[in-house]
Amino acid sequence: MPDWIDSDVLIQQLLLGLSNGMIIALIALGYTMVYGIIELINFAHGDLFMLGSFLALTLVGAAMNCGLIDPALMGETSHWWLLGTLVLVCGIFCGGVNLAIDHLAYKPLRRASKLSQLVAAIGVSFIIVNIGLFWGGLPMEVFGGGGAAAAPKDFPSLVSDANLLGEESFVVLTWNDIVIFAVTIPLMIALTLFVKFTKLGMAMRATAQNVTAARLMGVDVNKVIAATFAIGGFLGGAASVLYANYNSTVSFQMGFRAGMDAFTAAVLGGIGSLPGAMLGGLLIGMVRAMSDQFVGTEWTNVVVFSLLVLILIFRPTGLLGLKQREKV
Amino acid sequence: MTTSPVSQTRAAPLLSRGQCILFGCLLALPFFEMLFDLGLSAPTRFVFVFAIVGIGLNVVVGFTGLLHLGIAAFMAIGAYTFGILTCTIYPFQIGFWPGLLAALLFGAAAGAFLGAPTLRLRGDYLAIVTLGFGEIVQDLLKNLEPITKGTQGINPLPTPWFFGAPFVSDTPKSWYFLFLGILLLCTVLVRNLEHSRIGRQWFAVREDELAARCMAIRPDRVKLVALAVGGGLAALGGAMLASLISSTGEPGNYDFQISILALCIVIVGGIGSMTGVIVGAIVMVGMNSILLPLIGLKLQQAGIGTTMSVYLAPDNYKYMLFGLTLVLMMRFRPKGIVAAEAEER
């Protein structure tokens, strides 16, 4: 190892990349599942994720107002029950919203050209961004009193910030990291089992392979599409809570960046492939962390976008996307 | 390959009837305003700039059927080319007209540069690549501070001149006629392209790439020309905008929202229709930079300004406006206000 790389710094960045990568992977699953079924880049998915984090912040604020949690102790004690509830509630919320979006905006365009659907998805994305802007203007303590709606909001840490490796260790590992693994890994396992072994999961795989054939076999394609949007949305909502808790700030514009990272991850892994999205998410998380450290934070977005462009040009099927790939 | 006899029998007029009416109205507006001061001609200059960008985007999206989500990057390229070549802090200082021309050419080259490796991609992937290009250009301009002055933007920029004589007093009206003239020129030029061999090739590729290939059309080359024309016109618009406000502004001004504004212009007006694009520019930029600020002003005058919250600032509805425009147009009128087929003859 060259001596300009400090091993502590490297390990710290790897850990950061791993944690953020797990979150990106969770969002990427939403992109890849929808793309696998109806070949639509669900442009609004990143912004849906943003909406989830705003709901989480609102609920945290409400819990503070009701005296359920003490604002002074945030980051010192851990509120496991609150975190668990938030993951569940925001997941269900985002799943429901995603379902509604599909029903209102995408479903009428199912027979239109792919580009019309993409344009509609961009439109939905902008509408959600605006909703996020207005949401941030609510007169709540956690939103800074609602005075500056567009400003990024601080998200209080719901679990202890203490370094688990001891006070004097340079590498910081907190419960925040552990929580991410404790939520994302079971979710991914559950999703894999669901897609492999349940009847609906089998219907999803069939629809992804060939819509017409699936329909002929008696698969209710509309139900499959709805389930895909709901599950994708749920994962995005769960990711939004983890992201807000880990990075301790939310903003109405963060959906675009997060969405682009996740979409890049989905493409890198091979769009339509579930393990691909997970792998891609981890890799993008790592690339971001390494680029932040060794190239400079102001260049990280350029690095990720260049990576996206290069993959699309040279290997559009991604890492795990083979010809006989198993989509969703 | 010979052109088909049908198109040879009848040369297209310089402007279609709809375009004549439009340009007539736009030409009359300042004179009308001498009688009743509506304060419209000053903001209409921005309409002209975005109409030119829209015409460029329409070549790519409307004529050739490629979704382009990074047109704002080409505006930025045009603005910065113009800025670097004309601003007094750089050694070039080539003046207004050569600056515009350079922006146009450099934008076209950038369009070709983006297109060359990416044109074989499927439609939605190409859209994402153009989006990525748009973001990369913004970050590059921001980070290459020694060349681009980072977030300060390049200023001041020179005003136009005519044959050695300086611009006829720096009034909104002279800008108005200058920009209207450039828009007219662009309209005629692109209309000629539309009715020429390359125009028919664009349509052929849009309708059916395989069939076009069978007719000995090379889709890659045809698309490349479309991207170059689109990039060049957008860069021209960007350079004009920079000259108008005498600064390139910061790189963040050329963000995704601007690309989507341009896309809204094309889609609202009528995808593939030149008249439609100009109508779309009037509608979208009209709402964006005339109607919304006006409502804001009225609200302030009505005394609500003191308690101005986020919900009462019309500017905060921009995203909603663009988003609803796209969703509703796709749902209920995908062909736009002026449908392309209805436009001709």
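Residues numbered from 1 in each chain as written. Chains lettered and ligands numbered in written order. Predicted model: local features only at pLDDT ≥ 70, side-chain atom pairs only at ≥ 80, totals over all residues.

Take the overall build of chain B next. A count of helices and strands for chain B gives 15 helices and two strands. A compact globule built from 345 residues would reach a C-alpha radius of gyration of about 20 Å, and chain B, at 20 Å, matches this within 12%. Dimensions of chain B, computed from C-alpha atoms along their principal axes, come out at roughly 65 × 45 × 45 Å. Buried positions account for 48% of the 345 residues belonging to chain B. Taking the intrachain contacts of chain B between residues at least 6 apart in sequence as the baseline, contacts between residues at least 24 apart amount to 79%. (Helix = DSSP H or I, 4+ residues; strand = E, 2+ residues; numbered from the N terminus. Rg over C-alpha atoms; globule rule 2.2 N^0.38 Å. Buried ≥ 20, exposed ≤ 12 C-beta atoms within 10 Å, placed from the backbone. Contact = placed C-beta atoms within 7 Å.)

This part is about the overall build of chain A. Within chain A, the regular secondary structure consists of 11 helices and two strands. Reading chain A from its N end, one meets helices and strands in the order α-α-α-α-β-α-α-α-α-β-α-α-α. Its C-alpha atoms give chain A a radius of gyration of 20 Å, within 12% of the compact-globule value 20 Å for 328 residues. Dimensions of chain A, computed from C-alpha atoms along their principal axes, come out at roughly 60 × 55 × 35 Å. In chain A, which comprises 328 residues, the share counted as buried stands at 51%.

Moving on, we get to the environment of A:Val34. Residues and elements named next belong to chain A. The residue Val34 is located in helix H1 (residues 7-38) in this model. When the C-alpha atoms of Val34 and Gly67 are compared, they prove to be 40 Å apart, with 33 residues separating the residues in sequence. When residues no more than four places from it in sequence are discounted, the contact partners of Val34 are Leu40, Asn42, Thr228, Phe229 and Gly232.

Take the interface of chain A and chain B next. Taken together, the contacts link 34 residues of chain A with 34 residues of chain B. For the side of chain A that touches chain B, the secondary-structure elements that each account for two or more residues are helix H4 (114-135) and helix H11 (297-314) of chain A. For the side of chain A that touches chain B, the leading source of residues is H4(A), giving 15 residues. Taken together, the residues of the side of chain A that touches chain B break down into 26 nonpolar, six polar and two charged. (Nonpolar A, V, L, I, M, F, W, Y, C, P; charged D, E, K, R; others polar.)

So, about the environment of A:Phe143. With respect to the element layout, A:Phe143 can be found in the loop between H4 and strand S1 (153-154). Dropping the residues within four chain positions of it, A:Phe143 is found in contact with A:Gly136, A:Leu138 and A:Lys153.

A:Ala238 and B:Met75 are the most contacted members of the largest nonpolar core, which has 217 residues in total. Sorting elements by how many residues they give to this core places helix H11 (residues 219-245) of chain B first, with 15 residues. Contact partners of A:Ala238, with chain neighbours within four places excluded, come to A:Leu26, A:Val87, A:Cys90, A:Gly91, A:Val183 and A:Leu187. (Core = buried A, V, L, I, M, F, W, Y, C linked by C-beta atoms within 7 Å.)

Largest kink in helix H3 (residues 41-63) of chain B: about 35 degrees, centred on B:Leu57. Among the 23 residues in H3(B), 21 count as buried, and that is most of the element. (Bend = angle between axes of the 7 residues up to and from the residue.)

What follows covers unusual backbone geometry. With the exception of glycine, the majority of residues adopt a negative phi angle, and the majority of peptide bonds are in the trans configuration. Phi angles above zero are rare outside glycine, and A:Glu39 is one such case at about 55 degrees. Relative to the elements of secondary structure, A:Glu39 occurs in the loop between H1 and helix H2 (45-65). Notably, B:Ala216 is not glycine yet its phi reads approximately 65 degrees, a positive angle. Mapped onto the elements, B:Ala216 comes out in the loop between helix H10 (209-214) and H11. In this structure B:Ala216 comes out as exposed when scored by C-beta crowding, with 7 C-beta atoms within 10 Å.

This brings us to the packing of H4(A) against helix H14 (residues 318-332) of chain B. As a packed pair, H4(A) and H14(B) sit with axes 7 Å apart at the nearest point and diverge in direction by 150 degrees. Judged by the inter-axis angle, H4(A) sits roughly antiparallel to H14(B). When the axes of H4(A) and H14(B) are compared, the crossing they make is left-handed. Packed against H4(A), whose contacting residues are A:Ser116, A:Val119, A:Ala120, A:Ile122, A:Gly123, A:Val124, A:Phe126, A:Ile127, A:Val129, A:Asn130 and A:Leu133, the element H14(B) presents B:Tyr319, B:Met320, B:Phe322, B:Gly323, B:Leu324, B:Leu326, B:Val327 and B:Met330 at the interface. (Axes fitted to C-alpha atoms, helices over the stretch in contact; angles between N-to-C directions. Parallel < 35°, antiparallel > 145°, perpendicular 65-115°, else oblique. Left-handed = near helix turned anticlockwise from the far one by under 90°.)

Turning our eyes to something else, we now look at the confidence of the model for chain B. All names here are of chain B. With 91% of its residues at a pLDDT of 70 or more, chain B shows a mean pLDDT of 84. Mean pLDDT across the elements of chain B bottoms out in helix H1 (residues 5-9) (46) and peaks in helix H4 (residues 71-86) (93). With pLDDT under 50 throughout, residues 1-9 is counted as low confidence; its partners more than four residues away or in other chains account for three contacts. The ipTM assigned to the predicted complex is 0.86, against a pTM of 0.89. (pLDDT = per-residue confidence, 0-100.)

Before going further, it helps to examine the confidence of the model for chain A. Per-residue confidence for chain A gives a mean pLDDT of 88; residues scoring 70 or more make up 96%. In this model, residues 324-328 of chain A is a region of pLDDT below 50 whose contacts with residues beyond four sequence positions or in other chains number 19 contacts.

Residue and element names in this part refer to chain B. Contact pair H4 / helix H6 (residues 123-143): the axes reach a minimum separation of 8 Å and the direction vectors enclose 30 degrees. In this structure, H4 contributes Ala72, Ala73, Ala76, Ile77 and Tyr80 to the contact, and H6 contributes Phe133, Gly134, Val137, Gln138 and Leu141. Taken together, the residues of the contact of H4 with H6 sort by class into eight nonpolar, two polar and no charged.

Let's shift gears to the environment of B:Ile282. Along the chain, B:Ile282 falls in helix H13 (residues 274-301). Along the backbone, B:Ile282 and B:Gly269 are 13 residues apart, and their C-alpha atoms lie at a distance of 9.0 Å.

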